[in-house]
Amino acid sequence: MKHNIERNIWVLIIGSGINTLGVFISLPLITIYGLHQLGLSVVEVGFLSGIWPVTLFLTSFFCGILAERWGYLKTLRLGLSLSVISFATMGISTSLSLFSISLGIFGLGKAMLDSSIRAAMVSLAKGKKEEYFFRMRYLFQNIGNVVGPLIGIIIYDKIIGYTFLLSSIMFLIFLLASYTLLRAQDFKVVKVDPISAKDTFSVLKNLNLQFWLLSSLFIVMAYGAYEALMPAVIIDSKNTRPAFGILVSLNALVVVLFQFIHIKYLKNLSLSKSISIGFGLLSIGFLFFIFEWQVFVMTIIATILVAIGEAILFPCFDIVMGKIAPDDKRAIYYGASSLSQVGFFVGPSVGGFLLSMGGQSVLFVSCTMFILISSVFFFKVSREKNFVLTKQQDASI
């Protein structure tokens, strides 16, 4: 039985890597496709690229509710099916409206997949090696993040439409694996009486969930501002900083390598220490971007520190969510977690204003402040006593 449980978890972990690979084979190319194939302006491409994250934001909480009522595996399969359909449609579409609808379908499919797969992992692990499994999932996702764009660029240069079709095939592989290797009876959740829509939405009143969302919101704001505005900072630096593509690749490479190091040599590090070290390195890393002495070297060091902090900290968010979520509402909690993704809209807006008013130093200091504020909220919710408190609160609803 234990062997079957671990096998199921590994299917979900490897499947997450395959899913991420499929996403990043095509997603970074949407801008190029919109400009060259659909004849859109830069502004129009911006709106096009925002369709799937807006859909994810609007539907994730409801997809979590759906996963609890339908079952994790059934919702996971539906999410993968929608992803297969959406990218296959993109591959054969020459219509802007159809392409836009496909992006919306992908956002919905991703919302279903994200909430159900994390809830399923927590349900199967039941507190045993939970941190290890989530770190392995994060490792496989980052490998897909690194390899995906390289594959996408190579194929796009040769046969444009096949990039999206290859992504569709990746999702199809995971979907087929879910039918052949996973069984519905292995994913049973705690049986409870059906609850009303009002009671379902009442989980948003949970103080620990609110703290988690606020913490995630502020860290997403920091990353959103960095990813959107760092290219402008580099251009303004007049070649004194490395190219943004180099920084992105370096970040992904360090995350992958350090995840191996953490799993091998730091596996006994407590969750609280991992959280403290992760936030500390992120804060220091963003401050290093400010230094104007040896700017090129300092930017490299800053990127490495941020990447190590990310590798240590980011899996902790999923782990803590799994601990505070009641057994019968895990997918709802994970679905609600995507509400913090609004930070990817707020961060660049606030960061752009600060960059224009105060320059690079003000931008990076602000990103550091966002991370420190995030840490305050996360430390409030990650205390062990809060895990039990949250489950008691939700049980009384």
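Located above this text is the structure these notes cover.
The structure reproduced in this document is the subject of the present report. Computed from a predicted model, the values in this text were never measured in an experiment.

Summed over the entire model, instances satisfying the criterion amount to five salt bridges. K129 is the partner of E6 in a salt bridge, and the nearest nitrogen-oxygen pair spans 3.6 Å. Pair noted here: E6 is in helix α1 (residues 2–26) and K129 is in the loop between α6 (96–125) and α7 (130–158), with a separation of 123 residues, a long-range link. For K129, a relative accessible area of 45% puts it in the partly exposed group. For E131, the salt bridge identified is with R135, shortest N-O distance 3.1 Å. Here the residue E131 and the residue R135 both occupy positions in helix α7, the gap between them amounting to four residues, near one helical turn. An identical accessibility class is assigned to E131 and R135; each is buried.

You can see E130 is positioned in helix α7. Within the buried core, E130 has no salt-bridge partner, and the shortest N-O distance to an opposite charge, that of K323, equals 4.9 Å. Residues within four places of E130 in sequence aside, it is in contact with V122, A125, I319, G322 and K323.

Close contact between helix α10 (residues 207–236) and helix α13 (residues 295–324) brings their axes to 12 Å; oriented N to C, the two are set at 155°. Comparing the axis directions of α10 and α13 gives the class roughly antiparallel. The two elements α10 and α13 cross, and the hand of that crossing is left-handed. Here α10 contributes N208, L209, W212, S215, S216, I219, Y223, Y226 and M230 to the contact with α13, which in turn contributes T299, T303, V306, E310, L313, F314, F317, V320, M321 and I324. Counted by class, the contact of α10 with α13 contains 13 nonpolar, five polar and one charged residues.

To continue, consider the packing of aromatic side chains. Tallied over the full model, the rule gives 26 aromatic pairs. A ring pair is formed by F87 and F106, whose centres lie 5.0 Å apart and whose planes are at 85°; its orientation type is edge-to-face. Separated by 19 residues along the polypeptide, F87 in helix α5 (residues 72–92) and F106 in helix α6 bring together distant segments of the chain. The same class applies to F87 and to F106, which are both buried. Taking 5.7 Å as the distance between ring centres and 80° as the angle between the ring planes, the aromatic pair formed by W212 and F317 counts as edge-to-face. Here the residue W212 occupies a position in helix α10, and F317 occupies one in helix α13, the gap between them amounting to 105 residues. The class for W212 is buried, based on a relative accessible area of 3%. Residue F317 is classed as buried on the basis of its relative accessible area, which comes to 7%. One aromatic cluster is present, formed by Y138, Y223, Y226, F286, F289, F314 and F364 through successive ring pairs. Against the face of Y179 rests R77, its NZ or CZ located 4.1 Å from the ring centre.

Taking 1.5 Å as the rise per residue, α13 with 30 residues should run 44 Å; its terminal C-alpha atoms sit 42 Å apart, in good agreement. The sharpest bend along α13 reaches about 30° and sits at A311, with the proline P315 one to four residues further on. Extensive coverage of α13 is indicated by the burial of 23 of its 30 residues.

One way to put it is that helix α15 (residues 343–358) packs onto helix α16 (residues 360–381) with a least axis distance of 7 Å and a crossing angle of 145°. Taken as a pair, α15 and α16 cross one another with a handedness that is right-handed. Contact residues: α15 offers V350, G351, L354, L355 and G358, while α16 offers Q360, V362, L363, S366 and F370.

Turning our attention to the nonpolar core. Ranked by internal contacts, the top residues of the largest apolar core, which has 78 residues, are L12 and F378. Of all the elements, α10 adds the most residues to this core, at 17 residues. Among the nonpolar cores identified, the runner-up in size contains 24 residues, and L48, W52, F87 and M112 belong to it.

The rules behind these values
- Residues numbered from 1 in each chain as written.
- Predicted model: local features only at pLDDT ≥ 70, side-chain atom pairs only at ≥ 80, totals over all residues.
- Heavy atoms only, no water.
- Salt bridge = Lys/Arg side-chain N within 4 Å of Asp/Glu carboxyl O.
- Helix = DSSP H or I, 4+ residues; strand = E, 2+ residues; numbered from the N terminus.
- Buried < 20%, exposed > 50% of the residue type's maximum accessible area, 1.4 Å probe, protein only.
- Lys, Arg positive; Asp, Glu negative; His and termini not counted.
- Contact = heavy atoms within 4.5 Å.
- Axes fitted to C-alpha atoms, helices over the stretch in contact; angles between N-to-C directions.
- Parallel < 35°, antiparallel > 145°, perpendicular 65-115°, else oblique.
- Left-handed = near helix turned anticlockwise from the far one by under 90°.
- Nonpolar A, V, L, I, M, F, W, Y, C, P; charged D, E, K, R; others polar.
- Phe/Tyr/Trp six-rings, centres within 6.5 Å; stacked < 30°, edge-to-face > 60°.
- Lys NZ or Arg CZ within 6 Å of the ring centre and 35° of its normal.
- Expected span 1.5 Å × (residues − 1).
- Bend = angle between axes of the 7 residues up to and from the residue.
- Core = buried A, V, L, I, M, F, W, Y, C linked by side-chain atoms within 4.5 Å.

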